[in-house]
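# A look at the structure
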Amino acid sequence: MPANLPPQYIELEKRYREAKEPEERLLLLKELLAIIPKHKGTEKLQADLKRKISKLGDQLQSRKGSGRRTAPYRVESEGAARVALVGEPNSGKSSILAALTNASPQVASYPFTTQLPQPGMMPYQDIQIQLVDLPPICPDYREPWIFDLIRGSDLLLLIVDLGEPAVEQVRYLLQELEGMRIAKPSLLVGNKVDLDKGEGRLLKEAYDQSIPVFFVSALRGEGMDGLPERIFLNLNLVRVYSKIPGKKPDMDQPFVFPQGTTVLEVAMAIHKEVAAKFRYARIWGEGKPEGIMIPTDYQVKDGDILEIHHS
Ligand SMILES: Nc1nc2c(ncn2[C@@H]2O[C@H](COP(=O)(O)OP(=O)(O)OP(=O)(O)O)[C@@H](O)[C@H]2O)c(=O)[nH]1
Ligand SMILES: [Mg+2]
């Protein structure tokens, strides 16, 4: 083995040798190829990796019941919305997932710790929002399924390490997303603010006009308390509570809709039959007279209590 391989490579190779599942071995091989220094001295090794990748890829392809191959990459949707955690290796994606949700992903000081998508549920007041931790985005390592999951999300958290050049990380992430034709509402999360020596300021100067920037330390908890609210506000959702005429409203389980949803669409979502027989609706909400009648094209607001009358 050439003597000039970086420690991450050695570490990753050790994990490759220990890995048993072929799917995991294939991922690790691809990651090895992604991080191996590209120069003359490693050409033989690079070719070797490519050969192994192609062989293992073929083996997996030809396996019976190939559903097994894709299953680990699928994530069931749950909760009011899906938020994807996107960032370069080691930026702290998994640490943020662990801090905000019930999930306990693997966190480690070496890159490429996360290899499969890992969902977790983040409570925000009376709703749950799904966060999906992903493997890192980095050159030469573009698994299509990672971008499929990003595409299927409602919001992206672009997570950068403030201990490293931060503007460059964002530029790179945005370039990768654009390359995959992905344009999604995003928040910029400058993590490891405890290690920040001025990168945060540069990040704000460069991006705050276009993408809201927040600083946190997943490790120390700094700024983490405010993150669920930031996420909720940027999802542009409204929570609506239903009330049966003559009864108290059900304040336990809100219905969640995108901003701009009309009262008729709410009725439709609650029950098609209700919508068909819709007569009128009353509303209890901030700044409105109690129980005022509203037109069917009224756009519901966060916190509205709706009483739908039907025939
Ligand atoms: N100082 C400091 N270290 C942090 C912070 N957040 C995470 N780390 C450390 O950074 C390293 C990487 O954290 P992970 O959460 O595994 O990063 P990741 O982005 O999921 O990494 P990959 O899965 O490899 O892409 C770990 O050693 C964490 O303990 C932070 O706010 N401050
Ligand atoms: Mg991770």
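Residues numbered from 1 in each chain as written. Chains lettered and ligands numbered in written order. Predicted model: local features only at pLDDT ≥ 70, side-chain atom pairs only at ≥ 80, totals over all residues.

### Examining the overall build of the protein
Helix and strand counts for the protein come out as eleven helices and eleven strands. For the protein, the spread of C-alpha atoms along the principal axes amounts to about 80 × 55 × 30 Å. Contacts spanning at least 24 positions in sequence make up 61% of the contacts within the protein whose residues lie at least 6 apart. (Helix = DSSP H or I, 4+ residues; strand = E, 2+ residues; numbered from the N terminus. Contact = placed C-beta atoms within 7 Å.)

### A look at the sheet that holds strand E7 (residues 237-243)
Spatially, the five strands line up as an open sheet ordered E8-E7-E11-E9-E10, and their pairing is mixed. Where the open sheet ends on each side, the last strands, each with one partner, are strand E8 (255-258) and strand E10 (292-294). Sheet twist, expressed as the mean angle between neighbouring strand axes with direction ignored, is 40°. The strands touched by helix H10 (residues 263-270) are E7, E8, strand E9 (278-284), E10 and strand E11 (305-310); relative to E8, the strand with the most contacts, the crossing angle is about 130°. (Pairing = 2+ DSSP bridges. Axes fitted to C-alpha atoms, helices over the stretch in contact; angles between N-to-C directions.)

### Describing the site of ligand 1
Neighbouring residues of ligand 1: 23 residues in total, closest Ser-94, Ser-95, Thr-114, Pro-136 and Leu-219. For the shell around ligand 1, the element with the highest residue contribution is helix H5 (residues 93-100), accounting for three residues. Of the residues in the shell around ligand 1, the class split is nine nonpolar, eleven polar and three charged. (Near = placed C-beta within 6 Å. Nonpolar A, V, L, I, M, F, W, Y, C, P; charged D, E, K, R; others polar.)

### Concerning the domain arrangement of the protein
According to the domain assignment, the protein contains domain 1 (7-69), domain 2 (74-235) and domain 3 (237-310). Measuring from the centre of the C-alpha atoms in domain 1 to the corresponding centre in domain 2 gives 26 Å. Counting residues at the interface gives nine residues for domain 1 and eight residues for domain 2. Those elements giving two or more residues to the side of domain 1 that touches domain 2 turn out to be helix H1 (7-18) and helix H2 (22-35). Sort the elements by how many residues they give to the side of domain 1 that touches domain 2 and H2 lands first, with six residues. (Domains from an automatic or database assignment.)

### Digging into the pairing of E9
Pairing analysis gives six bridges linking E9 to E11, with the strands arranged antiparallel. Within E11, the position partnered with Arg-282 by the bridge is Glu-307. Judged from the three bridges that link them, E9 and E10 form a sheet pairing that is antiparallel. Residue pairing across strands places Ile-283 opposite Ile-292, the latter belonging to E10.

### Quick notes on the pairing of strand E1 (residues 82-87)
Among the six residues that make up E1, six are buried, leaving the element largely enclosed by the rest of the structure. Both faces of E1 are covered, namely the face carrying Arg-82, Ala-84 and Val-86 and the face carrying Val-83, Leu-85 and Gly-87. (Buried ≥ 20, exposed ≤ 12 C-beta atoms within 10 Å, placed from the backbone.)

### Some details on the packing of H1 against H2
The geometry of H1 relative to H2 is characterised by a closest axis approach of 9 Å and an angle of 165° between their N-to-C directions. One element, H1, and the other, H2, form an angle in the roughly antiparallel class. The handedness of the crossing between H1 and H2 is left-handed. Contacts between H1 and H2 involve Gln-8, Tyr-9, Leu-12, Glu-13, Arg-15 and Tyr-16 from the first element and Arg-25, Leu-28, Leu-29, Glu-31, Leu-32 and Ile-35 from the second. (Parallel < 35°, antiparallel > 145°, perpendicular 65-115°, else oblique. Left-handed = near helix turned anticlockwise from the far one by under 90°.)

### Notes on the sheet that holds strand E5 (residues 186-191)
With mixed pairing, six strands are arranged side by side in an open sheet as E2-E3-E1-E4-E5-E6. The open sheet has two edge strands, strand E2 (118-124) and strand E6 (213-215), and neither has a second partner. With strand direction ignored, the average angle separating the axes of adjacent strands in the sheet is 25°. Contacting E1, strand E4 (155-161) and E5, helix H7 (residues 166-179) crosses the sheet at an angle of about 145° to E4. Each of E1, E2, strand E3 (127-133), E4, E5 and E6 touches helix H9 (residues 227-235); the most contacted strand, E2, lies at about 95° to it.

### Observations regarding the nonpolar core
Within the largest apolar cluster, 43 residues are counted, with the highest numbers of intra-cluster contacts made by Ala-84, Leu-85, Val-86 and Leu-158. Considering each element in turn, this core owes the most residues, five residues, to E4. Beyond its immediate sequence surroundings of up to four residues, Val-86 is in contact with Leu-134, Ile-137, Ile-150, Leu-156, Leu-157, Leu-158, Ile-159 and Leu-173. Membership of the second largest hydrophobic core comes to ten residues, among which are Val-266, Ala-281, Ile-294 and Leu-306. (Core = buried A, V, L, I, M, F, W, Y, C linked by C-beta atoms within 7 Å.)

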